[in-house]
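Observations on the model geometry
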Amino acid sequence: MRAVARSLIAGLLVSTSLGAAPPAAPRTRILATVFPLQQFAAEVAGERGEASLLLPAGAGVHTWQPRPGDITRLAECDLLIYIGSGLEPWLPSLLKAFPPGRFRTLEAAAGLALEESGEEPGHADEHGHGLLDPHVWLDFELDARIVDAIAAELGRIDPDGIPLFAANAARLKSRLTALDASYRSGLAGCRGRTLVLAGHHAFGYLVRRYGLVQRALFGLSPDSQPRPQDLMAAVDLCKADGIKTVFFENSVPPDLARTLAREIGGRILVLHAGHNLTRDQLAAGLGFFDLMEENLSRLRDGLGCR
């Protein structure tokens, strides 16, 4: 009886070993500094990678400061993707803490033709943005180039995944092309062409691409405060051009927008700069395309588009 049992167990072990799947290749661990980069990396990597956002929900990329646990996460990643161009002022000193080659890095804005912010040279903000606008993810054509760069970098880390990365990148770029077409057609027939923003100069790429004009109350730093003359100039502009809608970012309090709207007898509408999610947006499972489609709907409403 014991001999039969041993025979059965031996046979079971042999059949299990023959049918066992080979161990799965380790997934590439990716960290991104802003939400669009995390979304793009996750879609391109597919099942061969896991992409996380370095910032916690609701944190501002300009002013966030890493904690010890964040440094540990960075030490354990294979690839860090960041925008650059001064968007993450805390990053250069953080990277100096790691020996060269500890993990790979990809600067998403590198090689892109960055737009000037449009603000006066004397108003360059304290975070070091200068006059270049780092909010490149609000230009969907530039996003497609970033997607290609992510696919190429993942291919260097994981050559076996190159066909998958290329296919996923192609699908993602098709969605970006369709989103761009929706914006182009949706914003073509608007009564107004001026986006009055009670906040910082975050939507420069978007307005330039679709033939709009942005009038922000202050420059690229979200921590700046408008001068009284800036607020009065915005009131005069709105009254002269019959503008009745004031936009503001979802990541900042609406108080300033309400003040301006009250002065012109208008209303306020919120837009998503898209660098991060709020806790409510994260809980609702919203993605980058959801935010951008909401922006288009509100722009069409606020600008009086047909």
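Worth saying up front: this structure is predicted, and the values here are computed from it rather than measured.

Rules used in this analysis
- Residues numbered from 1 in each chain as written.
- Predicted model: local features only at pLDDT ≥ 70, side-chain atom pairs only at ≥ 80, totals over all residues.
- Heavy atoms only, no water.
- Pairing = 2+ DSSP bridges.
- Helix = DSSP H or I, 4+ residues; strand = E, 2+ residues; numbered from the N terminus.
- Right-handed = clockwise from strand over helix to strand, strands pointing away.
- Buried < 20%, exposed > 50% of the residue type's maximum accessible area, 1.4 Å probe, protein only.
- Salt bridge = Lys/Arg side-chain N within 4 Å of Asp/Glu carboxyl O.
- Expected span 1.5 Å × (residues − 1).
- Arc of directions from axis to C-beta.
- Contact = heavy atoms within 4.5 Å.
- Axes fitted to C-alpha atoms, helices over the stretch in contact; angles between N-to-C directions.
- Parallel < 35°, antiparallel > 145°, perpendicular 65-115°, else oblique.
- Nonpolar A, V, L, I, M, F, W, Y, C, P; charged D, E, K, R; others polar.
- Disulfide = S-S within 2.5 Å.

1. A short note on the pairing of strand β6 (residues 213-216)
Pairing geometry for strand β5 (residues 194-197) and β6, over four bridges, is parallel. Bridging from a neighbouring strand, T194 pairs with V213 of β6. Taking the sense of rotation as the criterion, the β-α-β connection linking β5, helix α7 (residues 204-209) and β6 turns out right-handed.

2. Let's talk about unusual backbone geometry
For S85, which is not glycine, the phi torsion reads 55° and is therefore positive. Tracing the sequence through the fold places S85 in the loop between β3 (79-82) and α4 (91-95). Overall, S85 belongs to the partly exposed group, its relative accessible area being 21%.

3. Quick word on the pattern of salt bridges
Going through the model one piece at a time under the given rule, you end up with 16 salt bridges. Close ionic contact of R73 with D70 constitutes a salt bridge, the shortest N to O distance being 3.8 Å. Taken together, the positions of R73 and D70, both in helix α3 (residues 68-76) and three residues apart, correspond to about one turn of that helix. A relative accessible area of 6% means that D70 is categorised as buried. The salt bridge partner of E153 is R156, with a shortest N-O separation of 2.8 Å. Taken together, the positions of E153 and R156, both in helix α5 (residues 140-157) and three residues apart, correspond to about one turn of that helix. It is possible to trace a salt-bridge network through shared partners that takes in D139, E141, D180, R184 and R209.

4. A closer look at helix α8 (residues 228-241)
The α-helix winds at 3.6 residues per turn, so residues separated by three or four positions along the chain end up facing the same way. Across its 14 residues, α8 extends 20 Å between first and last C-alpha, which sits within 8% of the 20 Å expected from 1.5 Å per residue. L231, A234, V235 and C238 are the residues of α8 that are buried. Considered in projection along α8, the buried side chains sweep an arc of 100° and stay on one side of the axis. The elements touched by buried residues of α8 are β5 and α9 (255-264). Once α8 finishes, G242 follows within two positions and takes phi at roughly 70°, a positive value.

5. Things to note about the packing of α5 against helix α6 (residues 162-186)
One can describe the packing of α5 onto α6 by two numbers: an axis separation of 9 Å at closest approach and a directional angle of 175°. Compared by their axis directions, α5 and α6 come out roughly antiparallel. Residues F140, D143, A144, V147, D148, A151, L154 and G155 of α5 touch α6, and the partners they reach there are I162, F165, A169, L172, K173, L176, L179, D180 and Y183. Looking at the contact of α5 with α6 residue by residue, the classes come out as 12 nonpolar, one polar and four charged.

6. Observations concerning the sheet that holds strand β4 (residues 104-107)
With parallel pairing, four strands are arranged side by side in an open sheet as β2-β1-β3-β4. The sheet is open, and its two edges are formed by β2 (49-53) and β4, each paired on a single side. Each adjacent strand pair in this sheet contributes to an overall mean axis angle of 20°, direction not counted. As paired elements, strand β1 (residues 28-32) and β3 share three bridges and run parallel to each other.

7. Thoughts on the state of the cysteines
Counted by the stated rule, this structure contains one disulfide. Each sulfur of the disulfide joining C190 and C305 lies 1.9 Å from the other. For the disulfide bridge between C190 and C305, the dihedral angle about the S-S bond is near 90°, and by the sign convention the bridge is right-handed. On the criterion of sequence distance, the pair formed by C190 in the loop between α6 and β5 and C305 in the segment after α11 (288-303) is long-range, its members being 115 residues apart. Judged by its relative accessible area of 15%, C305 falls in the buried class.

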